[in-house]
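Fold and contact review
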Amino acid sequence: MQHPLHQFIYCPVCGSKAFVANNEKAKQCNACGFIYYFNPSAAVACFIRNPEGELLFVRRAKEPAKGTLDLPGGFTDMYETAEEAVCREVKEETNLDVEIRYLFSIPNIYLYSGFKVHTVDMFFECTVPDFSQAKAEDDAEAIVVIPKASVRPEDFGLQSICKGVEQYLKR
């Protein structure tokens, strides 16, 4: 198995090419001694429900898994809490303002431009009074509303989202 930092050749501190695997999650520079630990990125995924028990999903407009169902969400930005990321991502993708509650997390590997990004996907349940203001924006191609009883995990294209949907439906 390739080291998760195999594509990182030069030390980010001194620029030396003596940047080598230190262990399964870190590289060390033999020139300056700097050790870089490869930790997961934080991401959020949101189940949005209304009082009728329907769930709002988006259809992905971009790869990976373009055209499949997805939960609104994405990476947290620098200096942003997970809760702030939820509100921002949901607003960007659906135009909705939501009340939020943390549910659970799942480790994931997200393929972005050919690079494997290790993430911790944090799942939240969001509530809204209705979906009347929802519209697909940003990287969402369409809004899809489904009664909870009709949701099928296999309709979701990303593995961690599929696992998250399975776990959510068991609650």
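Here, every reference points to the structure presented above.
This one's a predicted model, so the numbers in the text were calculated from it and none came from an experiment.

The rules behind these values
Residues numbered from 1 in each chain as written. Predicted model: local features only at pLDDT ≥ 70, side-chain atom pairs only at ≥ 80, totals over all residues. Heavy atoms only, no water. Buried < 20%, exposed > 50% of the residue type's maximum accessible area, 1.4 Å probe, protein only. Helix = DSSP H or I, 4+ residues; strand = E, 2+ residues; numbered from the N terminus. Pairing = 2+ DSSP bridges. Core = buried A, V, L, I, M, F, W, Y, C linked by side-chain atoms within 4.5 Å. Contact = heavy atoms within 4.5 Å. 1 Å grid on protein atoms, 1.4 Å probe; cavity = no way out; pocket = protein on both sides within 12 Å on 5 of 7 lines; lining within 4 Å. Points joined across faces, edges and corners; volume = space filled by probe spheres on them. Nonpolar A, V, L, I, M, F, W, Y, C, P; charged D, E, K, R; others polar. Phe/Tyr/Trp six-rings, centres within 6.5 Å; stacked < 30°, edge-to-face > 60°. Lys NZ or Arg CZ within 6 Å of the ring centre and 35° of its normal.

Our focus in this paragraph is the pairing of strand 5 (residues 54-60). With respect to burial, strand 5 is a largely interior element, 5 of its 7 residues being buried. Where strand 4 (residues 41-49) and strand 5 come together, 2 bridges link them in antiparallel fashion. Residue Ile48 lies in a different strand from strand 5, and its bridge partner there is Leu56. Remark: 4 residues form the turn of the hairpin made by strand 4 and strand 5, two consecutive strands paired antiparallel; Gly53 in that turn has positive phi of roughly 85°. In terms of strand pairing, strand 5 meets strand 6 (residues 69-70) through 2 bridges, oriented antiparallel. Within the sheet, the bridge partner assigned to Val58 lies in strand 6 and is Asp70.

What follows covers the nonpolar core. Within the largest apolar cluster, 20 residues are counted, with the highest numbers of intra-cluster contacts made by Phe47, Phe57, Leu71, Phe123, Val151, Phe156 and Ile161. A per-element tally of this core places strand 8 (residues 99-112) first, with 4 residues. Not counting the four nearest positions on each side in its chain, Leu71 is found in contact with Ala45, Cys46, Phe47, Phe57, Val58, Glu93, Phe123 and Ile161. If you look at the next biggest cluster of nonpolar residues, it comprises 15 residues, including Cys46, Leu56, Val86 and Phe131.

A few words now on the layout of surface pockets. Gaps left between atoms are located by rolling a probe of water-molecule size over the structure's atoms. Space inside the largest pocket adds up to approximately 550 Å³. Lining the largest pocket are 32 residues, with Arg60, Gly73, Gly74, Tyr110 and Asp139 positioned closest to its centre. Elements that contribute at least two residues to the lining of the largest pocket include exactly strand 4, strand 5, strand 7 (73-75), helix 1 (82-94), strand 8, strand 9 (115-127) and helix 2 (159-169). Class assignment of the residues belonging to the lining of the largest pocket gives a composition of 14 nonpolar, 6 polar and 12 charged. Looking at the second largest pocket, its volume works out to about 320 Å³. If you trace the second largest pocket, you find 15 residues lining it, with Gln2, His3, Pro4, Lys116 and His118 closest to the centre.

This part is about the packing of aromatic side chains. Applying the stated criterion across every chain yields a total of 7 aromatic pairs. With a centroid separation of 3.9 Å and an interplanar angle of 10°, the aromatic rings of Phe47 and Tyr168 are classed as stacked. You can see Phe47 sitting in strand 4 and its partner Tyr168 sitting in helix 2, a full 121 residues away along the chain. Across the pair, Tyr168 and Phe47 agree in class, each one buried. Three or more aromatic residues link up through ring pairs in this structure, and these residues are Phe47, Phe104, Phe123 and Tyr168. Across from the ring centre of Tyr168, 4.7 Å away, lies the NZ or CZ of Lys148, which sits over that ring.

Side-chain direction in a regular strand flips from residue to residue, so the side chains alternate between the two faces of the sheet. When strand 1 (residues 19-23) meets strand 2 (residues 26-29), the two strands line up antiparallel, connected through 4 bridges. Bridge pairing in strand 2 links Ala21 to Lys27. With antiparallel pairing between neighbouring strands as the criterion, strand 1 and strand 2 make up a hairpin whose turn holds 2 residues.

A few words now on unusual backbone geometry. Negative phi values dominate among residues other than glycine, just as trans dominates among peptide bonds. Here the bond from Glu63 into Pro64 is cis, since omega is 0°, no more than 30 degrees from zero. Looking at where Pro64 falls in the secondary structure, it is placed in the loop between strand 5 and strand 6. Here the phi dihedral of Tyr79 falls at roughly 65°; this positive angle occurs in a residue that is not glycine. Mapping Tyr79 onto the fold places it in the loop between strand 7 and helix 1. The backbone of Asn95 shows a phi angle near 70°, a positive value even though the residue is not glycine. Examined against the element boundaries, Asn95 turns out to sit in the loop between helix 1 and strand 8.

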